[in-house]
Amino acid sequence: MSLVEKRSVTIRGHRTSYSLEKPFSDELAAIAENRGLTLAALVAEIDEQRPREANLSSALRLYVLDWLKHGSGESAP
């Protein structure tokens, strides 16, 4: 079982944090690299697109899951 790791990032000029299990953080970093983005830019993009009632950590997990299921992530939320 993976332990949850808390990470901080700056999005649109303010600091925020999210908590992810290591496999999710590793995949998120790989997706950012694949897309030619910084991790902060990818997190900001996902944050912008998520429903306001969803928390950031959940939105990040769902994005990774969708990316992995669809191969390219083009339909990722």
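The structure we're discussing is the one just above.
This one's a predicted model, so the numbers in the text were calculated from it and none came from an experiment.

Undergrad: Go over the pairing of strand 1 (residues 4-11), please, and point to the residues and values.
TA: Summarising the sheet, strand 1 and strand 2 (residues 14-21) pair through eight bridges and their orientation is antiparallel. Directly across from Val9, in strand 2, lies its bridge partner Thr16. The antiparallel pairing of strand 1 with strand 2 creates a hairpin that spans two residues between the two strands, and Arg12 there sits at a positive phi of about 50 degrees.

Undergrad: So what's going on with the packing of helix 1 (residues 22-35) against helix 2 (residues 39-49)? Residues and values would help.
TA: Any two packed helices are characterised by the angle at which their axes cross and by the distance between the axes. Where helix 1 contacts helix 2, the axes come no closer than 9 Å and their chain directions differ by 100 degrees. Taken together, the axes of helix 1 and helix 2 are roughly perpendicular relative to one another. Across the interface between the two elements, Leu28, Ala29, Ile31, Ala32 and Arg35 of helix 1 pack against Leu39, Leu42, Val43, Glu45 and Ile46 of helix 2. The residue makeup of the contact of helix 1 with helix 2, split by class, is eight nonpolar, no polar and two charged.

Undergrad: For helix 2, give the residues involved together with the corresponding values.
TA: Among the residues of helix 2, Leu42, Val43, Ala44, Ile46 and Asp47 are the ones counted as buried. Summarising the contacts, the buried residues of helix 2 are in contact with strand 1, strand 2, helix 1 and helix 3 (56-70).

Undergrad: Any details on helix 1? Residues and values, ideally.
TA: Since the α-helix advances by 3.6 residues per turn, residues separated by three or four positions end up pointing in the same direction. Taking 1.5 Å per residue, 14 residues should reach 20 Å; helix 1 reaches 20 Å between its end C-alpha atoms and fits that length. For helix 1, every residue scored as buried is listed here: Ser25, Leu28, Ile31 and Ala32. Viewed end-on, helix 1 has its buried residues packed into an arc of 125 degrees, placing them on one side of the element. When the buried face of helix 1 is taken as reference, the exposed residues oriented beyond 90 degrees from it are Glu33 and Asn34. Those residues of helix 1 hidden inside the fold are in contact with strand 1, strand 2, helix 2 and helix 3. Where helix 1 ends, the next residue or the one after it, Gly36, has phi of about 70 degrees, a positive value.

The rules behind the values
- Residues numbered from 1 in each chain as written.
- Predicted model: local features only at pLDDT ≥ 70, side-chain atom pairs only at ≥ 80, totals over all residues.
- Heavy atoms only, no water.
- Pairing = 2+ DSSP bridges.
- Helix = DSSP H or I, 4+ residues; strand = E, 2+ residues; numbered from the N terminus.
- Axes fitted to C-alpha atoms, helices over the stretch in contact; angles between N-to-C directions.
- Parallel < 35°, antiparallel > 145°, perpendicular 65-115°, else oblique.
- Contact = heavy atoms within 4.5 Å.
- Nonpolar A, V, L, I, M, F, W, Y, C, P; charged D, E, K, R; others polar.
- Buried < 20%, exposed > 50% of the residue type's maximum accessible area, 1.4 Å probe, protein only.
- Expected span 1.5 Å × (residues − 1).
- Arc of directions from axis to C-beta.

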